[in-house]
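Survey of secondary and tertiary structure
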Amino acid sequence: MSEPLVSRRSATAIAHPNIALAKYWGKREGGGNVPAVPSLSVTLAGMSTTTKVSFDATLVDDELVLNGVVQAPDARTKVRASQLLDRVRAAAGPELHTSRARIVSTNDFPTASGLASSASGFAALALASVRAAGLDWSAEQVADLARRSSASAARSVFGGFVELDGGPTSDGAARAVAGPKSLDLRVIVCVTTEAEKATSSTDGMGTTQANSPYYAAWVADAPESHSLMRAALLAGDFTRVGELAERSALAMHACAMAAGIVYVTGATLAALDEVRAMRASGLATYATIDAGPHLKCLVRASELAAARARLERVPGVLRLIEATPGDGARLVTPQGAPS
Ligand code: PMV
């Protein structure tokens, strides 16, 4: 994030997804896409989104090519990307106010299925478009921009362990809490489908806020969950981090399920069963689940191979992706070089 102010029309950024160890679910009232509760995540190396943004005055509309497929002008992701670009155009010099942009974005992992591709996608898009517009914004400003498109994307701007503020008086700021090497942690993603999920997290949260009888209890409990997680992380206590992460995920899903929003499938629950069976047999594994059917298993590096061997035999688990705590969003091209 220390690139010099350069006037460029094109920039390429890479960002990783993150998974929340202390989840957020629900939005604060008052706009700005600020979460209703604080959250704490880990940014994951091992999965990436690479996004190139090129401002081009000859284009009549923004264009989005996602994983090699040109998106329709009214496709939801394309519209969300254009809204982010509109904020960048408004802040950029007058020569960019009317210029459209071409976005070429590629994920090396399943898109829109609860693997946080919107987090890595909007973090990479925010950084690439800000730099392509020649804006010398700080990481905090890039995170603020990313959050307005996808709140969890603000966390992928930073590396390691990252918190995102939320709550009635919060401005939704994100910051790094601890570096990638501060906890002995590996994440095994149990991929249970390659398909896109049916209910976006935004829609799932909206329905939960409107209809879950447990939403108020979730909002009341989550800040303490977050601060306990922060303390466990800073103490380097893997066991406590794992226990709190599993509890946070189950509380979030229980709250959503009570409103009819079900992201887990039989395969997710089979993997959860296996995580708990491993734990009962002395292998320290914990589970977390986001707005999709994949289960993420938290494990220490020394027990990674043993946990992998057991998870790959779970019926319905198609493949495993291994991830380590990783770096924040960054430009791909060398400083000052054309991208
Ligand atoms: O900000 P969104 O729309 O990517 O929603 C993220 C929701 C969860 O992944 C389930 C929780 C979280 O804190 O990341």
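See the structure above.
Residues numbered from 1 in each chain as written. Predicted model: local features only at pLDDT ≥ 70, side-chain atom pairs only at ≥ 80, totals over all residues. Heavy atoms only, no water.

1. Looking at the overall build of the chain
The criterion, for reference: Every helix listed is a DSSP run of H or I at least four residues long, and every strand listed is a run of E at least two residues long, numbered separately from the N terminus. Throughout, radius of gyration means the C-alpha value; the globule benchmark is 2.2 Å times the number of residues raised to the power 0.38. Burial classification: accessible surface area is computed with a 1.4 Å probe over protein chains only, and a residue below 20% of its type maximum counts as buried, one above 50% as exposed, and the rest as partly exposed. Here, two residues are considered to be in contact whenever any of their heavy atoms come within 4.5 Å of each other. The Shrake-Rupley method, run with a 1.4 Å probe, gives the accessible areas here. Residue values count only the displayed protein chains as cover.
Check the secondary structure of the chain and you find nine helices and 14 strands. Against the globule reference of 20 Å for 339 residues, the chain gives a C-alpha radius of gyration of 19 Å, in line with a compact fold. With respect to the principal axes defined by its C-alpha atoms, the chain has extents near 60 × 40 × 35 Å. Buried positions account for 57% of the 339 residues belonging to the chain. Considering only residue pairs separated by 6 or more positions, the chain has 76% of its internal contacts joining residues 24 or more positions apart. Carbon and sulfur atoms provide 54% of the accessible area of the chain, an area that totals close to 13,100 Å².

2. So, the sheet that holds strand E1 (residues 10–15)
We count it as follows: Strands pair, by our definition, only if DSSP identifies at least two bridges between them. Angles here are taken between N-to-C directions and fall from 0 to 180 degrees, while the axes themselves are lines fitted to C-alpha atoms, restricted in helices to the stretch in contact.
An order of E6-E5-E7-E4-E1-E14 is seen for the six strands of this open sheet, with the pairing classed as mixed. In the strand order of this sheet, the two ends are held by strand E6 (69–70) and strand E14 (330–331), each with one partner. Here E1 pairs with strand E4 (residues 49–56) via six bridges, running antiparallel. Bridge pairing in E4 places Ala11 opposite Val53. Where helix H1 (residues 76–91) meets the sheet, it contacts E4, strand E5 (63–66) and strand E7 (100–107), and its direction lies at approximately 125° from that of E7. Helix H2 (residues 117–132) contacts E1, E4, E7 and E14 of the sheet and is inclined by roughly 35° relative to E4.

3. As for helix H8 (residues 266–280)
The cut-off we apply is this: Helix span is expected to be 1.5 Å times the residue number reduced by one. This arc is taken over the directions from the axis of the helix to the C-beta atoms.
Look at H8: 21 Å from first C-alpha to last across 15 residues, which is about the 21 Å you get at 1.5 Å a residue. Taken as a whole, H8 has its buried residues at Ala267, Thr268, Ala271, Leu272, Glu274, Val275 and Met278. Along the axis of H8, the buried residues cluster in a sector spanning 160°; they form a single face. For H8, exposure combined with an orientation more than 90 degrees from the buried face picks out Gly266, Asp273 and Ala280. Packed against the buried residues of H8 are helix H7 (238–257), strand E11 (286–289), strand E12 (295–299) and helix H9 (304–311).

4. A few points about unusual backbone geometry
Backbone phi values are negative for most residues with the exception of glycine, while trans is the configuration of most peptide bonds. Backbone geometry places Asn33, a non-glycine residue, at a positive phi of 55°. Counting through the fold element by element, Asn33 comes out in the loop between strand E2 (18–22) and strand E3 (39–45). Even without being glycine, Asn67 reaches a positive phi, approximately 50°. If you trace the backbone, Asn67 turns up in the loop between E5 and E6. Here Asn67 falls in the partly exposed class, since its relative accessible area comes to 32%.

5. Topic: the packing of aromatic side chains
The condition that has to hold: In this analysis, rings of Phe, Tyr and Trp, with Trp reduced to its six-membered ring, are considered paired at centre separations within 6.5 Å, and the interplanar angle assigns stacked below 30 degrees, edge-to-face beyond 60, and tilted for intermediate values.
Counting across every chain of the model gives two aromatic pairs. Where Phe238 meets Tyr286, the ring centres are 5.9 Å apart and the plane angle is 65°; that geometry is what we call edge-to-face. Of this pair, Phe238 sits in helix H7 while Tyr286 sits in strand E11; the two residues are 48 residues apart in sequence, bridging distant segments of the chain.

6. Comments concerning the site of the ligand
Our working rule: When at least one non-hydrogen atom of a residue lies within 4 Å of a molecule or strand, that residue is treated as near it. When residues are grouped by polarity, Ala, Val, Leu, Ile, Met, Phe, Trp, Tyr, Cys and Pro land in nonpolar, Asp, Glu, Lys and Arg in charged, and all others, Gly among them, in polar.
Residues in close proximity to the ligand total 14 residues, the closest being Tyr24, Ala151, Ser152, Arg155 and Ser201. For the ligand, the accessible surface in isolation is 380 Å², of which the surrounding protein chains cover 93%. Among the residues making up the shell around the ligand, the classes are represented as seven nonpolar, four polar and three charged.

7. A look at the pairing of strand E8 (residues 161–164)
Every other side chain in a regular strand lies on the same face of the sheet, so the side chains alternate between the two faces. Side-chain alternation along E8 places Phe161 and Glu163 on one buried face and Val162 and Leu164 on a second face that is also buried. Sheet topology places E8 next to strand E9 (residues 174–178); four bridges connect them, and they run antiparallel. Counted as the bridge partner of Val162 is Ala176 from E9.

8. Quick notes on the nonpolar core
As a rule of thumb, soluble globular proteins bury nonpolar side chains together. Spelled out, the test is: Here, nonpolar core means buried Ala, Val, Leu, Ile, Met, Phe, Trp, Tyr and Cys residues that are tied together by side-chain atoms lying within 4.5 Å of each other.
Counting 56 residues, the largest nonpolar core has Trp25, Val53, Phe55, Val88, Val157 and Trp218 as the members making the most contacts within it. Excluding its chain neighbours within four sequence positions, the residues that come into contact with Val88 are Phe55, Ser129, Val130, Ala133, Leu135 and Leu145. Membership of the second largest hydrophobic core comes to 28 residues, among which are Val189, Val241, Tyr286 and Leu298.

9. Regarding the environment of Val70
Within the secondary structure layout, Val70 lies in strand E6. Overall, the relative accessible area of 63% leaves Val70 in the exposed class. In this structure the C-alpha to C-alpha distance between Val70 and Leu44, which are 26 residues apart in sequence, comes to 27 Å. Apart from residues no more than four positions distant in its own chain, Val70 is found in contact with Leu64 and Val65.

10. What to know about helix H3 (residues 139–149)
Residues of H3 that are buried include every one of Ala139, Val142, Ala143, Leu145, Ala146, Arg147 and Ser149, and no others. Turning to H3, the residues buried within the fold contact H1, H2, helix H4 (153–156), E8 and E9.

11. Comments concerning the environment of Glu29
The topology assignment puts Glu29 in the loop between E2 and E3. Spatially, the C-alpha atoms of Glu29 and Gly166 are 11 Å apart, while their sequence positions differ by 137 residues.

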